[in-house]
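Here is how the chains run, residue by residue.
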Amino acid sequence: MSGPLAYEWVRISTVRSTWALILVGALVPAALVLFVTWLVNSADDFQGGPPDGGATTGFSGFLPLVAAVLCTIGAASFGQEYRHGLIRITLATYPRRSTVFAAKVIMVVLIVILAAILAIACIVVANALGPAIAGKGVTWDTSALGPPGLRGIIYVVIFVLMAFALTALTRNQPLGIIVPVVMAVLIEPIIQTVALVQEWTWIDWVLPFTGATAGVGGDGLEAWGHLGVFFLWFLVLAIPAWVLFLRRDA
Amino acid sequence: MAVIAEGLGKSFGSVRAVDDLSFEVPDGVVTGFLGPNGAGKSTTMRLMLGLDRGQGRTLFDGKPLIEHPHASEVVGTHLDARPFLPGRTARDHLRMLATDARLPASRIDEVLAMVGLTEVANKRPKSFSLGMAQRLGLAGAVLASPGVLMLDEPANGLDPQSIQWLREFLRSYAAEGNAVLVSSHLLSEMQVMAQHVVVIARGRLVADGTIEELVSERSDVLVRSDDPARLADALRAAGGLVEREGDDGLAVTGMSTDDVGRRAFDAGIAVRELSRRRASLEETFMELTGDAQEFAFGPTGAAGEVPS
């Protein structure tokens, strides 16, 4: 396993876009947070906020944006290989396909964990700086250090793994990136609206992205349950992708 | 490290691309893998490596590739013209391939120098010419000094000097005791590069042997005489296959020039010309695969005909 992991590390780390996406995934949401918190805390009629005087946005609301940016890292894991014919070199070097699949999953997970930690840290710093720039003092949102932060990282990882699995399944990188994002920001909100009218209260337990977002911001076992459902959705895509990877021509 | 392919088969829908194909790639020589377009050469190579799923098996030193702990030390491949990410430098591409055999950076520099890409080692290959891309592919194939090389059309896009270099490199690589399988459409190049050839058509084996064996089977002796009819009888009586060629000529197969000359002398027939006609690899190839080309061209004369 060490060989395929080393191969994946060189593969993923020698592409400039990997590092660019990690930076964009961390800095763009942080910049938005900084702008919003500065704007809110600068408003003359602003009266609310935490006891120390500054208002923050939290971090969980920006995680879908982080995940959407990092999706490309997951999708490229298989997408680049099929697009440029590298998969044949990969499988001639490492003929055990399950090991290759596992190495790709592990390397994507490790990279995305680091990227998510960096992104959350940047958002926390931006949340602290926004009120400070507006003259309300530094306000640290420590919730990211507890279970919500951990759930946030898991949410981003599974979101990116969805893109990974979809690309592996379809061998189509753009599809692997677009489908999770469109599902999260367009399709599921429409379904949610219908569910609201129909009073389908269980719908949050079925929709992967809606449920997972609720899970990050939620509490206790229910929050973890939502992430568990999100992971099950990943397995629904990943298992056929793995089986087809074993059976299909390279 | 000899390679044995046994019963390879593969279908695409109703088309049988490779059909019960068995052959051996011996050590110590360059084996040319020949066949018309669509004959199944690339599919066969992918089947041998386990990249395509199909029937049969291929043994590398007696074992399937998957059972070797370090595949890159067993077989080096170059199957596609541009098998790299355009945005990853040539050196990083080789660094990636070096992970299986845990090769040091010095080995990467060595192969880059060998294929003449040292100056562009840190450049991204998106601007590489086809020839440079082929060199990088070859560098990747030989990186771990594998016992087997499998190259699909490696001479495409190379200039004459590079082709000459490739020919000499592959022959010397094989001479070190390695097995080298090279597919190519350049038959004249194969004639000087390969010592052994495997010819397939429509996915089936049509010839397997040394170039000398294949060409000899299709060579004949031309003899001209004042009495070709009597000479033909004498040669047929000696076991030769004789065909009339022109007014005074005979094309004889199955006999050497010495035998033909001796039979003519014994029969008291004067001979005006006696020569061995050696078929080229191209002629042999055309004879073996003549009706097996997919999407064959029409007759060249048709281009000049104007419908009335």
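Per-chain numbering applies: the sequence of each chain, read as written, is numbered from 1 onward. Starting at A for chains and at 1 for ligands, labels are handed out in the order in which the entities are written. Per-residue local features are limited, in this predicted model, to residues with pLDDT of at least 70; the limit for side-chain atom pairs, both in listing and counting, is 80 or more; totals at the level of whole chains, interfaces and linings are taken over all residues. Values reported for side chains reflect all heavy atoms of the structure, with hydrogen atoms and water molecules removed beforehand.

Engineer: Give me the lowdown on the overall build of chain B, citing residues and values where you can.
Structural biologist: Along its length, chain B carries 11 helices and 13 strands. Each principal axis of the C-alpha distribution contributes one length, and for chain B these read about 75 × 60 × 40 Å. Residue contacts follow a heavy-atom distance rule, with two residues in contact if any of their heavy atoms lie within 4.5 Å. Long-range contacts, defined as pairs at least 24 residues apart, comprise 69% of the intrachain contacts of chain B with a sequence gap of at least 6. Reported accessibility uses the Shrake-Rupley method at a 1.4 Å probe radius. Residues are deemed covered only where the shown protein chains occlude them. As presented, chain B carries roughly 14400 Å² of accessible surface, and 50% of it is formed by carbon and sulfur atoms. Note that His is not counted, nor are the chain ends; the positive residues are Lys and Arg, and the negative ones are Asp and Glu. For the purpose of locating charges, the reference atoms are NZ of Lys, CZ of Arg, CG of Asp and CD of Glu. Averaging the locations of the 32 positively and 43 negatively charged side chains of chain B gives two centres separated by 6 Å. For the purposes of this entry, the term helix denotes a DSSP run of H or I that reaches at least four residues, the term strand denotes a run of E that reaches at least two, and both are numbered from the N terminus.

Engineer: Explain the pairing of strand β12 (residues 249-253) of chain B to me, using residue names and the numbers behind them.
Structural biologist: Residue and element names in this part refer to chain B. Within β12, 4 of the 5 residues are buried, which leaves the element mostly enclosed by the surrounding structure. As paired elements, strand β11 (residues 241-245) and β12 share 5 bridges and run antiparallel to each other. Paired with E245 across the two strands is G249, which belongs to β12. Note on pairing: DSSP must find at least two bridges between two strands before they are called paired. Between β11 and β12, which pair antiparallel in sequence order, lie 3 residues; one of them, G246, sits at a positive phi of approximately 75 degrees. Only protein chains enter the accessibility calculation, which uses a 1.4 Å probe. A residue is then buried if its area is under 20% of the maximum for its type, exposed if over 50%, and partly exposed in between.

Engineer: Give me the side chain of S162 of chain B: which residues, what numbers.
Structural biologist: Relative to the elements of secondary structure, S162 of chain B occurs in helix α6 (residues 160-175). Contacts described as polar in this section are N or O atom pairs within 3.5 Å, which, within protein, must combine one atom able to donate a hydrogen with one able to accept it, while residues neighboring in sequence count only if both atoms come from side chains. Polar side-chain contacts of S162 of chain B include one of 2.6 Å to the side chain of D159 of chain B.

Engineer: Please give an account of the packing of aromatic side chains that cites residues and values.
Structural biologist: Residues and elements named next belong to chain A. Pairing of aromatic side chains here covers Phe, Tyr and the six-membered ring of Trp, requires ring centres within 6.5 Å, and sorts the geometry by plane angle: under 30 degrees stacked, over 60 edge-to-face, intermediate tilted. The tally for this structure, following the rule as stated, stands at 18 aromatic pairs over all chains. Judged by centre distance (6.2 Å) and plane angle (35 degrees), the ring pair of F35 and W38 falls under tilted. With F35 and W38 both in helix α2 (residues 16-42) and 3 residues apart, the pair spans about one turn of that helix. According to the relative accessible area criterion, W38 is partly exposed, its value standing at 35%. Taking the centre distance of 5.8 Å and the plane angle of 20 degrees together, the rings of W200 and W202 count as stacked. Classification of W202 by relative accessible area gives partly exposed; the value is 46%. The aromatic ring of F78 is capped on one face by K104, whose charged end is 5.1 Å from the ring centroid. Over a ring means this: the NZ of a Lys or the CZ of an Arg is within 6 Å of the ring centre and within 35 degrees of the ring normal. The ring of W224 carries the charged tip of R151 above its face, separated from the ring centre by 5.3 Å.

Engineer: Please provide a residue-by-residue account of the sheet that holds strand β1 (residues 3-12) of chain B, values included.
Structural biologist: Residue and element names in this part refer to chain B. Strand order in this open sheet of 3 strands is β2-β1-β4, and the pairing throughout is antiparallel. The open sheet has two free edges, formed respectively by β2 (15-25) and β4 (55-60), since each of these has just one partner strand. Pairs of neighbouring strands in the sheet enclose a mean axial angle of 15 degrees, with direction left out of account. Pairing of β1 with β2, which is carried by 7 bridges, proceeds in the antiparallel orientation. Its bridge partner being in β2, A5 is matched across the sheet by F23. Axis definition: a line fitted to C-alpha atoms, limited for helices to the stretch in contact. Angles are taken between N-to-C directions and run from 0 to 180 degrees. On top of the sheet, helix α1 (residues 41-48) reaches β1, β2 and β4; it is set at about 120 degrees to β1, its chief contact.

Engineer: Before we move on, could you go through the packing of helix α1 (residues 2-13) of chain A against helix α3 (residues 90-97) of chain B and cite the residues and values that matter?
Structural biologist: Where α1 of chain A meets α3 of chain B, the axes come as close as 8 Å, and the angle between the chain directions of the two elements is 165 degrees. The pairing of α1 of chain A with α3 of chain B is recorded here as roughly antiparallel in orientation. By crossing handedness, the relation of α1 of chain A to α3 of chain B is classed as left-handed. Seen from α1 of chain A, the contacting residues are Y7, V10 and R11 of chain A; seen from α3 of chain B, they are D92, R95, M96 and L97 of chain B. Here the term charged refers only to Asp, Glu, Lys and Arg, the term nonpolar to Ala, Val, Leu, Ile, Met, Phe, Trp, Tyr, Cys and Pro, and the term polar to all other amino acids, Gly among them. Residues of the contact of α1 of chain A with α3 of chain B, tallied by class, amount to 4 nonpolar, no polar and 3 charged. Oblique is the label for any angle not under 35 degrees, not over 145, and not in the 65 to 115 range, which are roughly parallel, roughly antiparallel and roughly perpendicular in turn. For any pair of crossing helices, the crossing counts as left-handed if the nearer helix is rotated counterclockwise from the farther one by less than a right angle, and right-handed if it is rotated clockwise.

Engineer: Break down the interface of chain B and chain A for me, citing the residues and quoting the values.
Structural biologist: Between chain B and chain A, the contact holds 30 residues from the first and 27 residues from the second. Put simply, buried area is the surface a 1.4 Å probe can reach on two separate parts but cannot reach once they are joined, added for both. Of the roughly 2500 Å² buried at the junction of chain B and chain A (both faces included), carbon and sulfur atoms supply 56%. When the area that chain B buries against chain A is broken down by residue, the three leading residues are L51, R53 and M96 of chain B, summing to 22%. Within this document, salt bridges are pairs made up of a side-chain nitrogen of Lys or Arg and a carboxyl oxygen of Asp or Glu, the two lying within 4 Å of each other. Linking chain B with chain A are 2 salt bridges, by the criterion used here. One salt bridge connects D249 of chain A with K10 of chain B, and the closest N-O pair in it is separated by 2.7 Å. Joining chain B to chain A, the criterion identifies 13 residue pairs in polar contact (both at pLDDT 80 or more). Among the secondary structure elements, those contributing two or more residues to the side of chain B that touches chain A are β1, α2 (71-74) and α3 of chain B. Of all the elements, α3 of chain B adds the most residues to the side of chain B that touches chain A, at 5 residues.

That's the geometry; what it means functionally is another story.
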